[in-house]
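# Fold and geometry: a report
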Amino acid sequence: MRDSRQAADRLMGWYDAHARDLPWRVPPGAAARPDPYRVWLSEVMLQQTTVAAVREYFHRFTRIWPDVHALAAAEDPDVMAAWAGLGYYARARNLLACARVVSRDLDGTFPDTEDGLRALPGIGPYTAAAIAAIAFDRPAVVVDGNVERVMARLFAIRTPLPAAKPAIRDAAAALTPERRPGDHAQAVMDLGATICTAKSPSCLLCPLKPDCAGHAAGIAATLPAKAPKKAKPTRRGYVYLARRGSDWLTERRPDKGLLGGMAAFPTSDWSEAPAEAPPFDAPWRDAGEVRHTFTHFHLILTVRVAEATGNPDRGQWTPLDPAALPTLFRKAHALAVT
DNA sequence: GAGCCGTGGGA
DNA sequence: TTCCCAAGGCT
């Protein structure tokens, strides 16, 4: 890549014509800045999550909690329930913690600098830079998965990730303009999401084709190189669905760890050879198995169902809204009621 | 630095 | 079916 300035200009021209219309965005070149609350909320939701998955959640959250004060005043279980199904539940816990800091300590105003943003719960280097650029038009160097892919190709960086991160950041910094840095950041993301995709990129449609060293070398689609992944082990366990009239026995999982803070059915341990651990003695009926894959292991749960016949040693009887459960337990519930 | 932490869709 | 991956953060 020879002329970063020319490439950045080409990219901006492409963005002006092809920017995606997203609920948390203002159009390219708009005089008005987007609402920092909506930018922050969207960026947290979009961490490792597709736009398609986020849309509906974003609309629901902004409808129920239209500003940071409203979200800060929400009850924890209501926010966790609204996040259910989106995954990475630490994000929801940090979201609420962040909203409360901004509402209580910062008078509802988000910091407009990377350092100020970075100090808040759930806001790391990427999200701080993204909010600074998009909401406040600061010339922050935004580096996410899209940027890593685009830069690795544009500059033909063959070093595998994560070792290539410093070089990628330097490349991203060289491309970041003083003018319209917010639109630039979103332009790179849109390019990565629609043209410079991970698999079979559309190089023929790419505005940066004339600048792209990876394309010139015929290796664009193979970049960025990544270290091989480890195989996922399979764990097994039991989940207990107990009904008492219209109520089900549920519990709240501890904040630390998998599905932390979420409503759940009681389970055994999850391991290679799990031990049965029913919450009370009953003639538990076998309703089948649910399979679910987490980030680092596969899980097969045997679903056991019973009518309440005793006093449970954990959890509480509650009218159940399956939509408030993480997907794993939604699957178990669906199996139990068929 | 590396492991942990969800989910659904596409190849 | 299996694998990869999508706007990362925290420890």
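Please refer to the structure higher up on the page.
Quick summary incoming for the structure in this document. These numbers come from a predicted model, not from an experiment.

By nearness alone, 25 residues border DNA strand C, and Glu43, Thr127, Asp144, Asn146 and Ala198 come closest of all. For DNA strand C, the fraction of atoms within 4 Å of the protein that belong to sugar or phosphate moieties is 66%. Gly122 is positioned such that a nitrogen or oxygen atom in its backbone is 2.7 Å from a phosphate oxygen of DNA strand C. Between DNA strand C and Gly124 there is a distance of 2.9 Å, counted from a phosphate oxygen to a backbone nitrogen or oxygen. Contributing elements (two or more residues each) for the surface near DNA strand C: α8 (125–136) and α9 (145–154). The residue inventory of the surface near DNA strand C, partitioned by class, reads 10 nonpolar, 8 polar and 7 charged.

With that settled, consider the protein's contact with DNA strand B. In the vicinity of DNA strand B there are 19 residues, among which Tyr89, Lys230, Leu259, His292 and His296 approach most closely. Atoms of DNA strand B within 4 Å of the protein belong to the sugar or the phosphate in 63% of instances, the rest to bases. The separation between a phosphate oxygen of DNA strand B and a polar side-chain atom of Tyr89 is 2.8 Å. Elements represented by at least two residues in the surface near DNA strand B include exactly β4 (285–293) and α13 (327–336). Among the residues making up the surface near DNA strand B, the classes are represented as 8 nonpolar, 10 polar and 1 charged.

This brings us to helix α10 (residues 165–175). Ile168, Ala171, Ala172 and Leu175 are the residues of α10 that are buried. End-on, the buried residues of α10 take up no more than an arc of 100°, which puts them together on one face. Exposed residues pointing more than 90 degrees away from the buried face of α10 are listed as Pro166 and Asp170.

With that settled, consider unusual backbone geometry. The step from Leu161 to Pro162 runs through a cis peptide bond, and the omega angle for that step is 5°. Following the sequence through the fold, Pro162 ends up in the loop between α9 and α10. A cis amide bond links Leu223 with the next residue in sequence, Pro224, at an omega value of -5°. Backbone geometry places Asp137, a non-glycine residue, at a positive phi of 55°.

What follows deals with the pattern of salt bridges. For the structure on display, the rule yields 16 salt bridges. Between Arg104 and Asp105 there is a salt bridge whose closest N-O contact spans 3.0 Å. By relative accessible area, Arg104 is classed as exposed at 59%. Across the pair Arg304 and Glu276 runs a salt bridge, and its minimum N-O distance is 2.7 Å. Residue Arg304 is located in strand β5 (residues 298–307), and its partner Glu276 is located in the loop between β3 (263–264) and β4; the two are separated by 28 residues in the primary sequence. When its relative accessible area of 40% is taken as the criterion, Glu276 is described as partly exposed.

This part is about the side chain of Asp247. Relative to the helices and strands, Asp247 resides in strand β2 (residues 247–252). As a buried residue without a salt bridge, Asp247 has its nearest oppositely charged side chain in Arg244, at a separation of 4.4 Å. Excluding residues within four positions of it along the chain, Asp247 makes contact with Ala242, Trp317, Thr318 and Pro319.

Criteria and thresholds
Residues numbered from 1 in each chain as written. Chains lettered and ligands numbered in written order. Predicted model: local features only at pLDDT ≥ 70, side-chain atom pairs only at ≥ 80, totals over all residues. Heavy atoms only, no water. Near = heavy atom within 4 Å. Polar contact = N/O pair within 3.5 Å; in protein donor to acceptor, adjacent residues only side chain to side chain. Helix = DSSP H or I, 4+ residues; strand = E, 2+ residues; numbered from the N terminus. Nonpolar A, V, L, I, M, F, W, Y, C, P; charged D, E, K, R; others polar. Buried < 20%, exposed > 50% of the residue type's maximum accessible area, 1.4 Å probe, protein only. Arc of directions from axis to C-beta. Salt bridge = Lys/Arg side-chain N within 4 Å of Asp/Glu carboxyl O. Lys, Arg positive; Asp, Glu negative; His and termini not counted. Contact = heavy atoms within 4.5 Å.

Shape descriptors only; they carry no functional weight alone.
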